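Listed here are the chains, written in short residue letters.
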Protein chains: 2
Amino acid sequence: MGGDHGPAMLVAGASVALVRHPDIKFVLVGDERRIAPVLAAHPKLAEASSVRHTEVAVRMDERPSQALRRTRRDSSMWLALDAVKRDEADVAVSAGNTGALMAMATFCLRTMADIDRPAIAALWPTVRGESVVLDVGASIGADERHLVALAVMGAALARVVFDVERPRVGLLNVGTEEIKGIEQVKAAGKFLREADLPGLHYHGFVEGDDLGQGVCDVVVTEGFTGNIALKTAEGTARQIAAYLRSAMSRTLMARIGYLFARGAFDALREKMDPRRVNGGVFLGLDGVVIKSHGGADAVGVASAIDLAYDMAHFDLHAKIRDSLDHTLLLRRARPIPLVAGAA
Amino acid sequence: MGGDHGPAMLVAGASVALVRHPDIKFVLVGDERRIAPVLAAHPKLAEASSVRHTEVAVRMDERPSQALRRTRRDSSMWLALDAVKRDEADVAVSAGNTGALMAMATFCLRTMADIDRPAIAALWPTVRGESVVLDVGASIGADERHLVALAVMGAALARVVFDVERPRVGLLNVGTEEIKGIEQVKAAGKFLREADLPGLHYHGFVEGDDLGQGVCDVVVTEGFTGNIALKTAEGTARQIAAYLRSAMSRTLMARIGYLFARGAFDALREKMDPRRVNGGVFLGLDGVVIKSHGGADAVGVASAIDLAYDMAHFDLHAKIRDSLDHTLLLRRARPIPLVAGAA
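Worth saying up front: this structure is predicted, and the values here are computed from it rather than measured. (Residues numbered from 1 in each chain as written. Chains lettered and ligands numbered in written order. Predicted model: local features only at pLDDT ≥ 70, side-chain atom pairs only at ≥ 80, totals over all residues. Heavy atoms only, no water.)

**Student:** Quick question: what am I supposed to make of the interface of chain A and chain B here?
**Tutor:** Think of interface size as the accessible area that goes away when the parts come together; that is how it is often given. Counting residues at the interface gives 51 residues for chain A and 50 residues for chain B. Note on chain A versus chain B: buried area summed over both sides is about 4,500 Å², and carbon and sulfur give 75% of it. The three residues of chain A that bury the most area against chain B are Phe224, Tyr243 and Phe260 of chain A, which together make up 14% of that side's buried surface. Counting across the interface, chain A meets chain B through 4 salt bridges. Close ionic contact of Asp209 of chain B with Arg238 of chain A constitutes a salt bridge, the shortest N to O distance being 3.6 Å. (Contact = heavy atoms within 4.5 Å. Buried area = accessible area lost by both parts, 1.4 Å probe. Salt bridge = Lys/Arg side-chain N within 4 Å of Asp/Glu carboxyl O.)

Pasting the structure below:
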């Protein structure tokens with residue numbers, strides 16, 4: 001029921017995703033009176049779907065705490081998460097209120113042992129492919145322990161998505177020299193370097209301009225900075241696209257050039273299309289949840305569902321679990337005050 | 001003596017700037033044996049310059065505290081700042097070690113009354129022109145009081161650079177709704193809204209993607225996030241430029257199109273040229289200091305000198321002083337615990 005366009009766009013996106021992955025079964029949770037008419041236009045999807053009716057929906061502008069109080073147990077968001085909890089679904093996908101989704105997912109699915117706070121990971125397009133960047137907005141601030149947990153979870157996600165044995169992990173900082181940056185980032189870097197965890201290769205500090213260069217498979221930062229970096233990159237891409245459009249329409253020669261190079265421009269537009277990488281992965285929960293952009297169209301929603309499919313298919317959840325166990329074992333073997341509360 | 005290319009590039013940049021502003025007088029501080037030979041190739045510049053000789057220079061990789069200890073009183077960086085302090089120069093421009101420059105500038109020039117920590121402001125290119133963004137890396141973390149000081153100083157800079165009476169000021173945050181974000185940012189927003197300062201119009205929260213849209217004349221954030229946002233934007237611009245180059249050379253049609261649209265591409269390249277906006281402005285010091293990118297070429301150095309020229313010409317320093325006085329008066333008139341230490 002969420003997102004800027006409601007169930008119609010989610011159904012249309014599911015229909016696109018089903019063509020790519022005909023083995024998906026959908027549980028569509030929401031107001032049946034609004035879902036049924038749009039579903040009727042997609043007979044194949046209707047066949048692969050069951051509808052779980054509820055009239056309660058979280059509003060896009062509702063405060064997380066209020067949504068939790070008002071709609072826990074009966075909203076479409078809650079019921080979708082509950083289906084994951086009850087193993088009736090492998091992944092929950094939502095285009096709804098991010099804060100409410102995070103609050104409800106944490107309440108419904110609980111965090112994994114040793115994880116205090118969940119995170120949101122984004123797949124960041126780079127000149128070499130993609131990187132996992134986290135946290136892009138689940139929570140604000142991070143101590144050493146949380147940064148290390150982010151590194152471990154992000155590496156597990158990268159292993160699944162990029163099929164790399166030991167993903168390169170960098171910590172986002174304001175300088176690459178060891179002397180710079182904030183205390184927590186320095187402490188996390190020291191731990192990751194010394195621990196030499198089996199599931200990841202610690203690269204060191206990276207700066208904002210390394211993100212688009214794909215210097216690392218995984219870039220770790222706390223949620224405030226991560227969210228601002230992500231949106232700054234999106235905004236810069238939009239800004240340059242506007243410059244490009246304006247430059248290509250200004251003179252007759254440019255317009256002729258544009259006609260010749262149209263195929264190249266189309267390829268470029270597709271490469272820069274933010275819908276291709278739609279979907280934030282919630283990490284650290286006992287269950288997999290994907291957040292689609294609220295403003296996503298059918299193509300964007302389908303990308304989020306593709307991502308959900310991969311997460312289920314490659315069993316992301318178990319892989320993160322294993323990675324965390326490794327880290328925990330390591331902590332037990334050595335006197336490092338990591339994941340301290342769980343001893 | 002600083003920067004990746006040493007005195008040759010700084011002299012070349014000064015020469016370019018002198019053509020645009022023939023009334024500049026330069027004091028070139030550094031090793032005369034290295035400056036004299038390059039200066040000989042620029043007779044007009046040589047006429048407009050005096051050389052202040054010193055053999056001591058801050059190294060690019062030196063820790064700020066070490067640079068301060070080792071080279072205070074006799075390095076080229078110190079002597080340039082000291083010339084500003086003694087009113088022998090209006091502005092100091094350096095391409096050297098940023099951390100050392102900030103430490104030495106703070107030590108030599110001292111902060112303005114009511115300012116605890118200086119800041120670095122960048123001119124951020126937007127689809128509508130430019131915005132002032134600060135702090136882009138002078139210090140990490142900021143409480144309410146420092147964020148308000150950044151807003152006041154940034155607005156004063158915007159007034160000088162953009163010639164706007166009451167620049168629109170936004171606070172960078174992870175969401176535009178009042179409920180989101182960190183406590184300090186919320187508190188600063190509340191103060192700016194209620195204080196309704198004479199020198200600025202408080203716009204509210206802005207997100208990372210608003211930066212490139214030029215939603216505000218001034219965007220305020222603490223130095224860690226600001227530095228990462230700035231570098232992320234630079235990296236994204238470079239990334240898209242790489243995509244574009246690759247797209248335009250892939251097929252014959254694209255190459256033909258490129259030839260036709262060459263003028264447009266050149267205009268675009270110039271628009272995206274990071275050298276055009278080279279120069280971070282140090283704010284909050286009793287004197288004006290401009291930091292040029294260490295890797296800047298002559299065009300970049302000239303941009304930094306242009307900026308320095310404007311700062312001196314429009315008396316930025318006095319205008320910031322006035323704005324801070326206004327804020328201080330306001331604080332005295334009302335029981336708001338802002339700029340608390342200076343009462």
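Let us keep going from here.
**Student:** Teacher, can you tell me more about the packing of helix H7 (residues 144–162) of chain A against helix H8 (residues 183–195) of chain A here?
**Tutor:** Packed helix pairs are characterised by how far apart their axes lie and by the angle those axes make with each other. Residues and elements named next belong to chain A. The interhelical angle for the contact between H7 and H8, taken along N-to-C directions, is 50 degrees, at an axis separation of 8 Å. Considering their axes alone, H7 and H8 lie oblique with respect to each other. Note that H7 runs across H8; the crossing there is right-handed. Mapping the contact onto sequence places Glu144, Leu147, Val148 and Ala151 in H7 and Gln184, Val185, Ala187, Ala188, Phe191 and Leu192 in H8. Of the residues in the contact of H7 with H8, the class split is 8 nonpolar, 1 polar and 1 charged. (Axes fitted to C-alpha atoms, helices over the stretch in contact; angles between N-to-C directions. Helix = DSSP H or I, 4+ residues; strand = E, 2+ residues; numbered from the N terminus. Parallel < 35°, antiparallel > 145°, perpendicular 65-115°, else oblique. Left-handed = near helix turned anticlockwise from the far one by under 90°. Nonpolar A, V, L, I, M, F, W, Y, C, P; charged D, E, K, R; others polar.)

**Student:** What is the right way to read the relation of the copies chain A and chain B from this model?
**Tutor:** The pair of chain copies shares a relation made of a rotation about an axis and a shift along it. Between chain A and chain B, the superposition needs a rotation of 180 degrees and an axial shift of 0.0 Å, giving an RMSD of 0.0 Å. Taken together, the rotation angle and the small translation identify this as a two-fold axis. Closest approach to the rotation axis within chain A is made by the C-alpha atom of Gly257 of chain A, at a distance of 1.8 Å. Same-surface contact between copies: 98% of interface residues of chain A are shared with the interface of chain B. (Least-squares fit on C-alpha atoms with pLDDT ≥ 70 in both.)

**Student:** Honestly, the side chain of Asp31 of chain B in this entry has me stumped. Any pointers?
**Tutor:** Residues and elements named next belong to chain B. Here Asp31 is to be found in the loop between strand E1 (26–30) and helix H2 (32–40). Relative accessible area serves as the criterion here: at 10%, Asp31 is assigned to the buried category. The residues touching Asp31, leaving out its near neighbours within four places in the chain, are Met1, His53, Thr54 and Glu55. (Buried < 20%, exposed > 50% of the residue type's maximum accessible area, 1.4 Å probe, protein only.)

**Student:** Whenever I open this one, the pairing of strand E4 (residues 119–126) of chain A confuses me. Can you help?
**Tutor:** Every regular strand shows the same layout, with side chains that alternate between the two sheet faces. Residue and element names in this part refer to chain A. Burial runs high along E4: 7 of the 8 residues are buried. Summarising the sheet, E4 and strand E9 (residues 280–283) pair through 3 bridges and their orientation is antiparallel. Bridging across to E9, Ala119 finds its partner in Leu283. Inspection of the sheet shows E4 paired to strand E5 (residues 129–134) by 6 bridges, in the antiparallel sense. (Pairing = 2+ DSSP bridges.)

**Student:** Explain the sheet that holds strand E4 (residues 119–126) of chain B here, please?
**Tutor:** Two modes of strand pairing occur in sheets, parallel and antiparallel, and in both the strands are linked by backbone hydrogen bonds. Residues and elements named next belong to chain B. Across the sheet, which stays open at both edges, the 8 strands sit in the order E3-E10-E9-E4-E5-E8-E6-E7 with mixed pairing between neighbours. Every other strand in the sheet has two partners, leaving strand E3 (91–94) and strand E7 (201–206) as the edge strands with one partner each. Adjacent strand axes in the sheet meet at a mean angle of 25 degrees when their direction is disregarded. With 3 bridges connecting them, strand E5 (residues 129–134) and strand E8 (residues 218–220) associate as parallel partners. Its bridge partner being in E8, Val132 is matched across the sheet by Val218. The strands that helix H6 (residues 98–109) touches are E3, E4, strand E9 (280–283) and strand E10 (288–291); relative to E10, the one it contacts most, it runs at about 175 degrees. Docked against the sheet, helix H7 (residues 144–162) engages E4, E5, strand E6 (168–172), E8 and E9, running at close to 150 degrees with respect to E5.

**Student:** Mind showing me how you'd approach the nonpolar core here?
**Tutor:** Across soluble globular proteins, nonpolar side chains show a tendency to be buried alongside one another. The biggest cluster of nonpolar side chains holds 85 residues, and the ones touching the most others in it are Leu81, Leu134, Leu192, Leu200, Val220, Val281 and Leu283 of chain B. With 12 residues, the top contributor of residues to this core is H7 of chain B. Discounting residues that sit within four places of it in the chain, Leu81 of chain B has contacts with Ala92, Leu101, Met104, Ala105, Cys108, Leu109 and Val289 of chain B. Residues Leu101, Ile115, Phe191 and Val219 of chain A belong to the second largest nonpolar core, which totals 84 residues. (Core = buried A, V, L, I, M, F, W, Y, C linked by side-chain atoms within 4.5 Å.)

**Student:** Hey, could you run me through unusual backbone geometry in this one?
**Tutor:** The bulk of non-glycine residues show a negative phi, and the bulk of peptide bonds are trans. Following Leu134 of chain A, the chain continues to Asp135 of chain A via a peptide bond in cis, the omega torsion being 0 degrees. Examined against the element boundaries, Asp135 of chain A turns out to sit in the loop between E5 and H7. Phi is positive for Asp196 of chain A, which is not a glycine, with a value near 50 degrees. Along the chain, the position of Asp196 of chain A falls in the loop between H8 and strand E7 (201–206). Although it is not a glycine, Arg73 of chain B sits at a positive phi angle of roughly 90 degrees. Assignment of secondary structure puts Arg73 of chain B in the loop between helix H4 (64–71) and helix H5 (76–85). A residue is classified by how much of its surface remains accessible, and Arg73 of chain B, at 53% relative accessible area, is exposed.

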